[in-house]
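Residues per chain, in single letters:
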Amino acid sequence: MTQVSMTVNGKSVSGDVEGRTLLSSFLRDHLSLTGTHVGCDTAQCGACVVHVNGEAVKSCNMLALEADGADVGTIEGQANDDGSLNVIQQAFQDHHGLQCGFCTPGMVMSTAALLKDNPRPTEAEVRKYLEGNLCRCTGYHNIVKAIMAASGQDVSSIAAE
């Protein structure tokens, strides 16, 4: 066992892990931050996206030891300080960008990374960025609409589906 330490959602945490422990497992099993979902364990679905040092990463494809000393952000850290939904989460709710919710944490985390790098993406840019996130319920239309709304763009001309 090796001790790993990192900052998660602004709090210093540490724990003893095996060398093969994935970051997703450390977050879920050691820290009880179960908002990070694991859908495929092969870095293909995007349900496990978290931020490590400000970059979106698939936590099922990263060892916890690789995050030693890092600043990690999870879906649990996305809400506003008063506990209310942040602008991305609210847009997903307002524009029906979720159904079962399994992919939603990864979608929200990916969206936050996209909007940090590209504050006003086009619809094509949003769709391209989401290629690493799978959703089996919504067909993506309302997810794209929610992301466009979260970026402050007028989505009134985008038909609901």
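Above this text sits the structure in question.
Description of the structure in this document. Not measured: the values here are computed from a predicted model. (Residues numbered from 1 in each chain as written. Predicted model: local features only at pLDDT ≥ 70, side-chain atom pairs only at ≥ 80, totals over all residues. Heavy atoms only, no water.)

1. Some thoughts on the sheet that holds strand S1 (residues 2-8)
And then number 1: The strand order S2-S1-S5-S3-S4 describes an open sheet built from five strands, whose pairing is mixed. The outermost strands of the open sheet, each flanked by one partner alone, are strand S2 (11-17) and strand S4 (55-58). On average, each strand axis in the sheet is tilted by 40 degrees relative to the strand beside it, whichever way the strands run.
And then number 2: Across two bridges, S1 lies against strand S5 (residues 71-73) in parallel orientation. (Pairing = 2+ DSSP bridges. Helix = DSSP H or I, 4+ residues; strand = E, 2+ residues; numbered from the N terminus. Axes fitted to C-alpha atoms, helices over the stretch in contact; angles between N-to-C directions.)

2. A few points about the pattern of salt bridges
Any two side chains of opposite charge can pair, given that their charged atoms come close.
And then number 1: As enumerated under the stated definition, the model contains four salt bridges in all.
And then number 2: Two residues, Glu55 and Lys116, come together in a salt bridge whose shortest N-O distance is 4.0 Å. Note that Glu55 is positioned in strand S4 and Lys116 in helix H3 (residues 104-117), a separation of 61 residues in sequence.
And then number 3: With its nearest N and O atoms 3.3 Å apart, the salt bridge here joins Lys128 to Glu131.
And then number 4: Since its relative accessible area comes to 53%, Glu131 is described here as exposed. (Salt bridge = Lys/Arg side-chain N within 4 Å of Asp/Glu carboxyl O. Buried < 20%, exposed > 50% of the residue type's maximum accessible area, 1.4 Å probe, protein only.)

3. Topic: the environment of Asp154
And then number 1: Examined against the element boundaries, Asp154 turns out to sit in the segment after helix H5 (141-150).
And then number 2: A polar contact of 2.8 Å, which involves the side chain of Asp154, links it to the side chain of Ser156. (Polar contact = N/O pair within 3.5 Å; in protein donor to acceptor, adjacent residues only side chain to side chain.)

4. Looking at the packing of H3 against H5
And then number 1: Axis separation between H3 and H5 bottoms out at 11 Å; the angle between their running directions is 40 degrees. Compared by their axis directions, H3 and H5 come out oblique. When you trace H3 past H5, the crossing you get is right-handed. Facing H3, whose interface residues are Met107, Thr111, Leu114 and Leu115, H5 presents Ile143, Ile147 and Ala150.
And then number 2: Residue composition of the contact of H3 with H5, by class: six nonpolar, one polar and no charged. (Parallel < 35°, antiparallel > 145°, perpendicular 65-115°, else oblique. Left-handed = near helix turned anticlockwise from the far one by under 90°. Contact = heavy atoms within 4.5 Å. Nonpolar A, V, L, I, M, F, W, Y, C, P; charged D, E, K, R; others polar.)

5. Thoughts on the packing of helix H2 (residues 87-94) against H5
And then number 1: Where H2 contacts H5, the two axes come as close as 8 Å, and the packing angle between them is 140 degrees. Overall, the two elements H2 and H5 adopt an arrangement that is oblique. Both H2 and H5 take part in a crossing whose hand is right-handed. Contact with H2, carried on its side by Val87, Ile88, Ala91 and Phe92, involves Ile143, Ala146, Ile147, Ala149 and Ala150 of H5 and no other residues of that element.
And then number 2: Classifying every residue of the contact of H2 with H5 gives nine nonpolar, no polar and no charged.

6. Side note on the environment of Thr122
And then number 1: Locating Thr122 in the fold gives a position in the loop between H3 and helix H4 (123-129).
And then number 2: Since its relative accessible area comes to 40%, Thr122 is described here as partly exposed.
And then number 3: Between the C-alpha atom of Thr122 and that of Met109, which follows or precedes it by 13 residues, the distance is 18 Å.

7. Here's the deal with the side chain of Gln78
And then number 1: Here Gln78 lies in the loop between S5 and H2.
And then number 2: Classification of Gln78 as buried rests on a relative accessible area of 16%.
And then number 3: When near neighbours in sequence (up to four residues on either side) are disregarded, Gln78 contacts Asn86, Gln89, Val108, Met109 and Ala112.

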